[in-house]
Amino acid sequence: MNPSELIREADRCVLCGLCLPVCPTYRLLGDEGDSPRGRISLMRALAEGRLKADAALAGRLDRCLGCRACEAMCPSKVRYGRIVDGGRALLGARGGARLRRVLANPRRRIRYLRLAHLYERSGLRRVLRASGLLRRFGLERMERLAPPFTAPSALPAGFAPAGVPRGRVALFAGCLAEGVDHPAVVAAGRLLAALGYRVELPPGQGCCGAMDAHAGDTRNARRLAAANSAGFPDGVPLLSLNSGCGAHLAEYGEWAGAAGEALAARHRDCLAFLAEAAWPDGLLRPVVGVVLVHEPCSLRNVLKGADALYRLLARLPGAEVRPLPGNERCCGAAGDYLLRQPTIADALREEKLDALAALAPRYLVSSNRGCLLHLAAGLRERGIEVEVLHPLELLARQLV
Ligand code: SF4
Ligand code: SF4
C-alpha cells in the first residue's frame, strides 16, 4: 500500500472508537496511541509527511500485535491490517531480519535444525541453561520457547489416497515444516489421504512471507509471494496448516498481483476443507478427556474459520471439546512479537495460563505454531501438564 492508498484507507475510519475495547494493547496500556484508532491517525500523519518516522512512532507500531481484532469489529470495515503493513513499510524493514532470512531459506533452515539437534544431543543445552550465559547473550527467551530439538525431517513427497479417489490437493507446509511443524504436515497428509485425496507437497514452495510483510520488508514479502504463486499447480486446492500462513496466503493478491490473486482464490484453510469433506463412518477412535481449543487471531479475525475448527473436532468420538476462555483476545505470540515485546506477550498469555490451570484439560489444541510454542512455554514454566498440539495431530492420531 503506497502513502496515498494508506491515506484513502485511513480516511474511511470515522473515529467511532468501537474498536478500542477489543484491542489488547489498549486494554493493557490504556493509551490512545496504542489503540487502533490512535495508530490509524499516526500512520495517516506519517503518510502525509506531517509526522517524522522516529522511535516513538515506531514504538507505537511495534507494540501492535497485528491481531486484527479491531478490523473484525469495525462497522466501517476499515482494513487495519493493510494500513499497519503500509505504515511499517513506510518506516522501513525493522528487526528480526536474521531470523526471517533463516526461515525463508530451506537449506539454511535445515543447517540450523541440525546444529540445534547437536546442541541438544551433546548436553550443551543443559549446561548453557544452567550457566546463565544464555541470559547474558540475550538468547534465554528464544531458548526457553523451543521444545526439545530433534533431527530435521525431510518433507514427504506426497500421500496416496486410500479407497475411492476424490481428487488432488496441494499442501502449503510452511517454514517450520522440517522441524516443529513436521508432525502436523504428516497428520494433514494422512487425514486427507484417508478421505480419498491425493496429497502433493510441491518442492518449490517456501515461506509465505507474512513475517516480512508485517516487519515492513515489502521487497522480501513480494519476492516470497511471487515464488509461491508460481510454485503450486493451477486448478488444485491449496491447503494451509498454520492459520498465520493461511491468513497471509488469502491476501496474496496484495503482494503478488494477478498470480497472487489466483493462488488466494484456490487457497483454503485445511481445517475448513476437512470440516466440509465427506467422512466415512468409524474413521476415528474415541478420545477421552477435555480438549480445550485456542483460536488463533489469524483464524478468528482473518480466515473466519473458528466455527469450522469446532465442526471438525466434533468428529472426534468421546471428546469434550470446549473453547479456551478469552479466545477473543490475542495470546501474545503474534509472529515474532513474543520475542520482540516479551513484557506484553507474557502479560497477554497470563490469562490463558490461568484458565488452563483452572480447567486442567487433557489437550490444548491451536492451529498456529507460534501460539502453540508460546502457550507451551508458559505451561512448562508454571509446571502445568497439558498436551499441546495442532488439532490435525490430535485427529490423525485417532485414525483407525
Ligand atoms: S477503525 Fe473502525 S471501529 Fe475503529 S475507530 Fe475507526 S471506524 Fe471506528
Ligand atoms: S491489530 Fe490488534 S493490537 Fe493492533 S490495533 Fe488492532 S486490535 Fe490492537
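Preceding block: the structure.
As the structure is a computational prediction, the values presented were derived from the model and not from experiment.

### Here we look at unusual backbone geometry
With phi around 45 degrees, alanine 334 is a residue other than glycine that occupies positive phi space. Mapped onto the elements of the fold, alanine 334 is located in the loop between β7 (320–323) and α20 (337–340). Exposure remark for alanine 334: the relative accessible area of 23% places this residue in the partly exposed category. Within the chain, alanine 360 stands out as a residue other than glycine whose phi angle is a positive 40 degrees. Secondary-structure assignment places alanine 360 in the loop between α21 (342–359) and β8 (363–365).

### Observations concerning a nonpolar patch on the surface
A cluster of nonpolar side chains, contributed by Tyr112, Leu115 and Leu118, occupies part of the molecular surface with about 310 Å² of accessible area. Positionally, leucine 118 belongs in helix α8 (residues 106–121). For leucine 118, a relative accessible area of 44% gives the class partly exposed.

### Some details on the pattern of salt bridges
Applying the stated rule across the entire model yields 31 salt bridges. Among the salt bridges present, the one from glutamate 71 reaches arginine 68, with a minimum N-O distance of 3.0 Å. The same class applies to glutamate 71 and to arginine 68, which are both buried. Measuring nitrogen to oxygen at the nearest pair gives 2.9 Å for the salt bridge that ties arginine 82 to glutamate 254. Taken together, the residues arginine 82 in helix α6 (residues 80–91) and glutamate 254 in helix α16 (residues 253–266) connect sequence positions 172 residues apart. A cluster of three or more residues bridged by salt bridges with shared partners is formed by Asp31, Asp34, Arg39, Arg60 and Arg63.

Rules used in this analysis
- Residues numbered from 1 in each chain as written.
- Chains lettered and ligands numbered in written order.
- Predicted model: local features only at pLDDT ≥ 70, side-chain atom pairs only at ≥ 80, totals over all residues.
- Heavy atoms only, no water.
- Helix = DSSP H or I, 4+ residues; strand = E, 2+ residues; numbered from the N terminus.
- Buried < 20%, exposed > 50% of the residue type's maximum accessible area, 1.4 Å probe, protein only.
- Patch = residues over 30% accessible without salt bridge, like charges linked within 9 Å, V, L, I, M, F, W, Y side chains within 5 Å.
- Areas by Shrake-Rupley, 256 points an atom, 1.4 Å probe, with all protein chains shown as cover.
- Salt bridge = Lys/Arg side-chain N within 4 Å of Asp/Glu carboxyl O.

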